[in-house]
Amino acid sequence: MRRVTWMVAVVMCLALVLAGCGMGKKDAGSIVKDLDHVISKANSYQASGSMILNTGTQPQEYQVEVAFSPEHFYRISLTNASKDVTQIVLRNEEGVFVLTPHLKKSFRFQSDWPENQGQVYLFQSLAKSIIADKDRQFTTDNDTYVFDVAANYQNEQLSRQKIWLNKKTLAPKQVQVSDANQNVMVQVNFTNFQFDAKFDKDYFQMERNMTSWNMQTMPTMANAADATHPATGDKSVTDKNLSATGGQSDQATGQVQDGQKAVAGKGTDTTKSNAAASKPQSIGIIEPSYLPKDVVKQDITDMKLGEDAAVLLRYKGKYSFSIVEVRPQAKSVSLQPGDIVDLGFTIGVITGDAKKTLTWTNDGVEFRLSTGDLPTNEMIKVAMATEGQSGK
C-alpha cells in the first residue's frame, strides 16, 4: 500500500514538473478553437485605441472607436488626430452608412460589409485571419499570445500581420501590418477592449451619429440620452448633375437632401447665411501623385454640380478614367449596392459593375473616380495618391 501511495506521489510530482516546463500551456491549435468559439457566439464588444498609417509620405495617426452588437450592427469612428476630422461607418437594419458629420454629408448603400472584406481594427477580421492561416506562426510574450499570419486586405501592399491577444480574454491588444519588405505600414494599439458591451437602442442609428459626432466618446448607455437631438426635416431633391462626368458615367446616383432649408419662426435672419452657404466655392485642382503605367492626363475642365463649382480631370491610355472634385454643400445620398473601400486616410465607397465609381472625401473635397476598365486595386492606388497633394 505504501508502495502504491509512493508511486502516485511520484506521478503527481512529474505531472507538476511537466506542466511547469510547458506541457500545461495552450498551443496555437487550442487558441484557434477558442477564437472560433468566441466569434461564433457573436457577443457584443466595444473598443478604442489609436491607428498609425505609414502608407503615405508622412505618418498619419487616427483615434479609433469600434462597436459591434449581436445583431451584427457596427459603428466605427475614425478621427484624424492632426486635422480633428471624424468619419463614421455604420451598419444597421437600413444598410451601411459612411458619415462625414462636420460636412453634414452621409452616404447610404446596401452591402455585405464587413463580412466580405477585412478591417484591421475589427476583432472578427483579426480572429478569422488567425483561423484561416494554416501556416500561422505562434509565440507567447508574458500575458500575451502573438500570432504572425497572412494579411487579407484590399490594399495589396499589406502582406502579413502580427496580432497580440490577451491570454485571459483573447481580446486584441496590438496589430502590426507589414508589406513584403517587412516594413510596418499600419499599427493599431487598443487601449480598451470590452466584451459584452451594452448599447442604447439608437446607438447605431444615422441621426444620432450625425448629431453626436463632436463628442470625445459617444455615450453607450441610456443615461446619456441628452447627447442625442431630433433630426431636422430636410427636403429631398434629386441632383441631376451627379452623372456629369464628361463621358465617364458616375454611378453614385440617388436622392440628395439639401440640408440648407431655413427654419422659420426662430427670430433669426437666415437669408444671408443661406445665401452664403449656397454660393459656389472655389476649388483648387488636386492631381494624384500616382498614375497607372501608360496612362496620361488628357484635360481638365471646370464644371458645376448643382450650385457647386467642380473640376473634371480626364485620363487616357491603357486605362481611361475621370476624377470629379467638388466642395459640396451638406447633403445625404442614397447609392446603389456597393462596398466600403479603406483608403487609409479616409473611407471610400465603390459602386457600379461595368462602370465603377469610387467616392471619397478628404479635407472638405469630395472626389469621384469613375471608370469602365481601371481595376479596383488601381482605383485604390490613384485615390490614395491624392492624399497630401495641395490644390493648384
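Bear in mind the structure is a predicted one, so any value in this text is a computation, not a measurement.

Looking now at the pattern of salt bridges. Summed over the entire model, instances satisfying the criterion amount to 13 salt bridges. Across the pair Lys26 and Asp34 runs a salt bridge, and its minimum N-O distance is 2.4 Å. Residue Lys26 is classed as partly exposed on the basis of its relative accessible area, which comes to 43%. According to the relative accessible area criterion, Asp34 is partly exposed, its value standing at 26%.

Following the criterion strictly, the structure yields 17 aromatic pairs and no others. Centre to centre, the rings of Phe123 and Phe195 are 5.5 Å apart; their planes meet at 80°, and the pair counts as edge-to-face. A residue pair is termed long-range when its members are at least 10 positions apart, and Phe123 in helix H3 (residues 123–132) and Phe195 in strand S11 (residues 184–195) qualify at 72 residues. Residue classification places Phe123 among the buried positions, given a relative accessible area of 3%.

What follows is about the nonpolar core. Counting residues in each nonpolar core, the largest one holds 77 residues, and the members touching the most others are Met51 and Tyr121. Sorting elements by how many residues they give to this core places helix H2 (residues 28–41) first, with 6 residues. The contacts of Tyr121, once residues within four sequence positions are left out, are Met51, Val64, Val66, Ile76, Leu78, Phe190, Asp342 and Ile347.

Mean pLDDT over the protein chain works out to 79, with 75% of the residues at or above the 70 mark. Below pLDDT 50 for its whole length, residues 16–24 participates in 3 contacts with residues either more than four positions away or in separate chains. Across residues 221–281, where pLDDT falls below 50, the model places 100 contacts with residues more than four positions away in sequence or in other chains.

Among the 6 residues that make up strand S16 (residues 321–326), 6 are buried, leaving the element largely enclosed by the rest of the structure. Alternating residues of S16 divide into Phe321, Ile323 and Glu325 and Ser322, Val324 and Val326, and every residue in both groups is buried. Where strand S15 (residues 308–317) and S16 come together, 6 bridges link them in antiparallel fashion. Within S16, the residue paired with Val311 across the bridge is Glu325. Linking S15 back to S16 in an antiparallel pair, the connection comprises 3 residues. The pairing of S16 with strand S21 (residues 365–371) spans 6 bridges and is antiparallel. For Phe321, the partnering residue across the bridge sits in S21 and is Thr371.

With that out of the way, let us pick up unusual backbone geometry. With an omega of 0°, the peptide bond between Trp113 and Pro114 qualifies as cis. Inspection of the secondary structure assignment puts Pro114 in the loop between strand S6 (105–109) and H3. If you check the backbone angles, Lys104 has positive phi at about 55° while not being a glycine. Tracing the backbone shows Lys104 in the loop between strand S5 (95–100) and S6. If you check the backbone angles, Asp294 has positive phi at about 65° while not being a glycine. Note on placement: Asp294 falls in the loop between helix H5 (271–278) and strand S14 (295–305).

As a further point, take H3. For H3, the tally of buried residues reaches 8 of 10 residues, placing the bulk of the element in the interior. Along H3, the positions that sit buried rather than exposed are Phe123, Gln124, Ser125, Leu126, Ala127, Ser129, Ile130 and Ile131.

About the cut-offs
- Residues numbered from 1 in each chain as written.
- Predicted model: local features only at pLDDT ≥ 70, side-chain atom pairs only at ≥ 80, totals over all residues.
- Heavy atoms only, no water.
- Salt bridge = Lys/Arg side-chain N within 4 Å of Asp/Glu carboxyl O.
- Buried < 20%, exposed > 50% of the residue type's maximum accessible area, 1.4 Å probe, protein only.
- Phe/Tyr/Trp six-rings, centres within 6.5 Å; stacked < 30°, edge-to-face > 60°.
- Helix = DSSP H or I, 4+ residues; strand = E, 2+ residues; numbered from the N terminus.
- Core = buried A, V, L, I, M, F, W, Y, C linked by side-chain atoms within 4.5 Å.
- Contact = heavy atoms within 4.5 Å.
- pLDDT = per-residue confidence, 0-100.
- Pairing = 2+ DSSP bridges.

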